[in-house]
2 protein chains.
Amino acid sequence: MQAEILSIGTELLLGEIVDTNAQYISSRLRDIGVNVYRRITVGDNPERLLAAFEDSLGRADLVIATGGLGPTDDDVTAQCLAKALGRCLRFDQDAWDSIRQSYIRRGRTVDENNQAARKQAQVIDGGFFIPNPVGTAPGQGVKVDGKLVLLLPGPPSEMQAMFENHVVPLITKSFSGLTPIYCVNLNIAGLGESQVGEALADLLRSSNPTVAPYAGSGQVRLRIAAQSADKSRALAMISQVEREVRRRLGHHVYGKDDETLEMAIGKLLSTRGLSLAVAESVTGGLICHRITGVPGSSRYFKMGMVAYHPEVKIASLGIPPEVVYREQAVNPELASGMAESVRLLAGATLGLATTGFAGPDGGTESEPVGTVYIGLSHKKAGNMTERVVFSGSRHRIKLLAAQRALYLLYRFLTEDSKNRR
Amino acid sequence: MQAEILSIGTELLLGEIVDTNAQYISSRLRDIGVNVYRRITVGDNPERLLAAFEDSLGRADLVIATGGLGPTDDDVTAQCLAKALGRCLRFDQDAWDSIRQSYIRRGRTVDENNQAARKQAQVIDGGFFIPNPVGTAPGQGVKVDGKLVLLLPGPPSEMQAMFENHVVPLITKSFSGLTPIYCVNLNIAGLGESQVGEALADLLRSSNPTVAPYAGSGQVRLRIAAQSADKSRALAMISQVEREVRRRLGHHVYGKDDETLEMAIGKLLSTRGLSLAVAESVTGGLICHRITGVPGSSRYFKMGMVAYHPEVKIASLGIPPEVVYREQAVNPELASGMAESVRLLAGATLGLATTGFAGPDGGTESEPVGTVYIGLSHKKAGNMTERVVFSGSRHRIKLLAAQRALYLLYRFLTEDSKNRR
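Residues numbered from 1 in each chain as written. Chains lettered and ligands numbered in written order. Predicted model: local features only at pLDDT ≥ 70, side-chain atom pairs only at ≥ 80, totals over all residues.

Attention shifts here to the overall build of chain A. Of the regular secondary structure elements, chain A holds 16 helices and 17 strands. Against the 2.2 N^0.38 benchmark of 22 Å for 421 residues, chain A shows a C-alpha radius of gyration of 28 Å, more extended than a compact globule. Viewed in the frame of its principal axes, chain A has a C-alpha envelope of about 85 × 50 × 40 Å. For chain A, the residues scored as buried account for 48% of the 421 residues in total. (Helix = DSSP H or I, 4+ residues; strand = E, 2+ residues; numbered from the N terminus. Rg over C-alpha atoms; globule rule 2.2 N^0.38 Å. Buried ≥ 20, exposed ≤ 12 C-beta atoms within 10 Å, placed from the backbone.)

All names here are of chain B. Within the open sheet, the 4 strands sit side by side as β10-β11-β9-β12. Their pairing is antiparallel. Since the sheet does not close on itself, it has two edges, and those belong to β10 (210-215) and β12 (253-256), each with one partner. Here the strands of the sheet are splayed against their neighbours by 25° on average, with no regard to which way each runs. Both strand β9 (residues 181-189) and β12 contribute to a ladder of 3 bridges, which runs antiparallel. Paired with L186 across the bridge in β12 is K256. Most of the contacts of helix α10 (residues 231-249) go to β9, to which it runs at about 15°, and overall it touches β9, β10, β11 (219-227) and β12. (Pairing = 2+ DSSP bridges. Axes fitted to C-alpha atoms, helices over the stretch in contact; angles between N-to-C directions. Contact = placed C-beta atoms within 7 Å.)

Residue and element names in this part refer to chain A. Direction of pairing for strand β10 (residues 210-215) relative to strand β11 (residues 219-227): antiparallel, over a ladder of 6 bridges. Opposite T210, over in β11, you have A225 as the bridge partner. Hairpin connection of β10 to β11: 3 residues between the antiparallel strands, including G218 at a positive phi of 75°.

To continue, consider helix α4 (residues 77-85) of chain B. Taking burial as the measure, the 9 residues of α4 of chain B include 7 buried ones, the bulk of the element. Positive phi appears at G86 of chain B, one or two residues downstream of α4 of chain B, with a value of about 65°.

This brings us to the relation of the copies chain B and chain A. Superposing chain B onto chain A takes a rotation of 180° plus a shift of 0.0 Å along the axis, which leaves an RMSD of 0.0 Å. Expressed as an axis order, the relation between the two copies is that of a two-fold axis. Most of the interface of chain B is mirrored in chain A, where 100% of its interface residues again form contacts. (Least-squares fit on C-alpha atoms with pLDDT ≥ 70 in both.)

Core analysis: the biggest nonpolar cluster contains 150 residues, and M338, V342, L352 and L409 of chain A together with M338, V342 and L352 of chain B have the highest contact counts within it. Ranked by residue count, the leading element in this core is helix α16 (residues 394-415) of chain A, at 12 residues. Ignoring any residue separated from it by four or fewer positions in sequence, one finds L409 of chain A in contact with I265, L352 and L376 of chain A. Counting residues in hydrophobic clusters, the runner-up holds 95 residues, among them V34 and A121 of chain A together with L6 and M162 of chain B. (Core = buried A, V, L, I, M, F, W, Y, C linked by C-beta atoms within 7 Å.)

Here we take up the environment of R394 of chain B. One can find R394 of chain B in helix α16 (residues 394-415). Considered as a pair, R394 of chain B and P360 of chain B are 34 residues apart in the sequence and their alpha carbons are 6.2 Å apart. With residues near it in sequence (within four places) discarded, R394 of chain B still touches G293 and P295 of chain A together with A358, G359 and P360 of chain B.

What follows concerns the domain arrangement of chain A. Reports of interface size often rely on the accessible area that becomes lost once the parts have come together. Each assigned domain of chain A is listed here: domain 1 (2-174), domain 2 (181-256) and domain 3 (261-419). Put simply, the middle of domain 1 of chain A and the middle of domain 3 of chain A, counted by C-alpha atoms, are 49 Å apart. (Domains from an automatic or database assignment.)

Before going further, it helps to examine the environment of Q403 of chain B. As for its position among the elements, Q403 of chain B is in helix α16. Note: C-alpha distance between Q403 of chain B and A339 of chain B (64 residues apart in sequence) is 17 Å.

Following this line, the structure appears as structure tokens:
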């Protein structure tokens, strides 16, 4: 069984927006066991859109198109599909009721004679409408000679809601024998992609489940995917590999799927009743921003200090001037001093600090741009520091330094749980 | 003249990555006056890739393909194009030298008999290679019957460098009569898309230059684009519209192209010798992160305080307990008090503060989740506050609150320049 995806919209061909819909649909089709063989993007041009529908219908069993379902005259997707199939469009009362309800949901009304809105209630003869729980443009679908063609609106939030609620069940019902893929992503910090690759070399060669690493900034995502008609069998295959990965990589695996490092840290701090304070120089507020992005973080995050100016490090954090104004302006004593001071200032169990050179200017011969010291202070375990050197833009150095600092805190919290109270 | 873009890679069809290359190429082709009529995505499958090349060559004058130029056997782009053209591939000494140099640049060497690397030096008979200044895979191109076909590698940084250095000049030389588009983006804060639309209604109807607003989080980007063979004429057309937009929108236009609000603020603070301190509650470090993202910000940014816990607001910022523990926990006195305290603490000219409820929990009937107070304190002008209510996720509320706070600071700095020293 073959699928094709049609992305429709002149704004795509002009490069005004990135086509995230095609990626979303591709990845979800893969999950339910459908192979996508081709994707096509055309503008809102009737002639070329008609040709694209004809081409795709000649090749594929499933065609999913997004875009061009709006109320204005330049939206011609339904008209072109009707022409490609040699069918007409007819006014659909259910679609119209659904459009009117979507207006009411938004506190608006639509006149019974609003021709632009009524245009959106036109469904291909023999087809069916697909309700839009988010916006006003309904989708529609039609089955022809064992082929299924679906039209969805372009705005991603609308398309995704309709895809999950209606399209997935429709495809699964329409095409028998699809073997779905189940997957789990493990999030890994403190190891590079090549180190993960070495540690898991044999697993990466496995074909079912497949195991594949994807590198991000300062972290690696490991996708474990099993294909089976039997869900519990697939999940068992994944679990087995997941256990083996966790056995080999230990605390480097900090989370699953959408779990971030700051969420994992939040969980550890919450369950142990610990609290945190942060003093940032080189990361400039990014660590605090990440930590406070987690709902409920106000329970364990006490305060952050962005100590950018040397005098602030002295006056507000009480770092001795001789440490701040040392020839080596970025040094381990500064990092650990900042971590300890902010911890004491906030009355927190833990203090985390960063100092370094983010560039593009600054740095010295021995401590070039990209040099970062991370300090960690715990009321019983004392102070510790780490030196890391990153390369790249100011933005990248900030990102990597924040990620590394969070990883050190996470590792500290997991390494020796007895001592971390 | 018609162009088509071919994106090649099984990882695209699996939805593992978003195809940003297609967007980049589309937008750059538009800029140089080339119309893209169709984009196609296929996997690294010889049969379907061959068919895609044949289709595109049958329709378009310019075909640009990305991906599938790697050293391994599953990279078959050059082979498929050769087959579609009925030509052979031949070893190209210049391409090989370029590959060897790229290895040397990365501190590696490549053996003269490395067959995988030598595969990348195969160029279509009658074609030419395109050097890759970033990675190892060279691109190539061929002219056939007035048509131009170009193959570029998939990694975006490599593709973009080659596109700018080689592809743009090649296209301009190969196709006469292209009318390029010149454009300027104006960045607008403090106004919604519909307000911008109302204020500029007549300009938005103009066809050359075109004027189009794009809404982002808490800001609007206005694209002014003029198409003309005469560059100075195009730029003059743009300038005229730009002046009119600035006249109507005043200080809402804070920057051009890549200039962010924090860069505009940085410029104003630097040139006037002012300094800034920030106290964040609801934005949790994001304002500091944005300000310190600007190179040179250490000259005017003194300190930031992320005062999350009520006791920190009392102990470190000296806010009276009765303000912090007031029934209305989020209130204007807290915002202005935080702004003033952090300004005094840092010895800065200006203090900026935020407090509010980011959710998902918290909030009261009168101050629901999304309520934000922004405080601004200036050593001569005194304290001022603003109340705003945002909706959406925790992440979105943080983003919008930070953007609004930066906009208020920017507006203060531009409104009455006499008083801001």
